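If you want the building blocks of each chain, they are given just below.
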Amino acid sequence: GGTNHVVQVDEMGKEVFRSDALGKVKHLTFSPDGAQLAFATESKEGWRVHWGEQVSESFQRVGEMQFNADGTRLAFGTQTERVLGWTVMSGGGSE
């Protein structure tokens, strides 16, 4: 184990985002225009998806993520107990 951070830099190499300390991280996904980043992190409560200021509820498993064409929605597969589903977050990642 160790501490992980998700860091996003602009085209000049300037840091524009740094996450808090995280455990496991997976499914890093950029919006179609490359301006937004979403990712999943694992904690003792389960997996959560982070997108801008938004953080999803926790799930036992989270699948790969996909932005819609204009980057205003993010969809991903989830599992809690025996229930499989799709979750959609909206709002451009800044709500």
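The structure we're discussing is the one just above.
A brief report on the enclosed structure follows. (Residues numbered from 1 in each chain as written. Predicted model: local features only at pLDDT ≥ 70, side-chain atom pairs only at ≥ 80, totals over all residues. Heavy atoms only, no water.)

1. Things to note about the sheet that holds strand β4 (residues 37-43)
In sheet architecture, strand pairing relies on hydrogen bonds along the backbone and comes in two forms, parallel and antiparallel.
Working step 1: Across the sheet, 4 strands lie side by side as β3-β4-β5-β6; this open sheet has antiparallel pairing. Taken across any chain shown, the strands that pair with only one partner, and hence form the sheet edges, are β3 (25-30) and β6 (54-55). (Pairing = 2+ DSSP bridges. Helix = DSSP H or I, 4+ residues; strand = E, 2+ residues; numbered from the N terminus.)

2. Considering the side chain of Gln-79
Working step 1: Within the secondary structure layout, Gln-79 lies in strand β8 (residues 73-80).
Working step 2: There is a polar contact of 3.1 Å between the side chain of Gln-79 and the backbone oxygen of Glu-81.
Working step 3: Those residues within four positions of Gln-79 in sequence are excluded, and the remaining contacts are Phe-59, Gln-60, Arg-61 and Leu-84. (Polar contact = N/O pair within 3.5 Å; in protein donor to acceptor, adjacent residues only side chain to side chain. Contact = heavy atoms within 4.5 Å.)

3. Observations concerning the packing of aromatic side chains
Working step 1: Evaluated as defined, the whole model comprises 3 aromatic pairs.
Working step 2: Ring centres 6.3 Å apart and planes at 75° place the aromatic pair Phe-59 and Phe-76 in the edge-to-face group. On the criterion of sequence distance, the pair formed by Phe-59 in the loop between β6 and β7 (61-67) and Phe-76 in strand β8 is long-range, its members being 17 residues apart. Exposure class is identical for Phe-59 and Phe-76. Each is buried.
Working step 3: Between the NZ or CZ atom of Lys-26 and the centre of the ring of Trp-47, over which it lies, the distance is 4.4 Å. (Phe/Tyr/Trp six-rings, centres within 6.5 Å; stacked < 30°, edge-to-face > 60°. Buried < 20%, exposed > 50% of the residue type's maximum accessible area, 1.4 Å probe, protein only. Lys NZ or Arg CZ within 6 Å of the ring centre and 35° of its normal.)

4. A short note on the environment of Gln-66
Working step 1: By the secondary structure assignment, Gln-66 is in strand β7.
Working step 2: For the pair Gln-66 and Thr-29, spaced 37 residues apart in sequence, the C-alpha separation works out to 7.2 Å.
Working step 3: Leave out the neighbours within four places in its chain, and Gln-66 touches Arg-73, Leu-74 and Ala-75.

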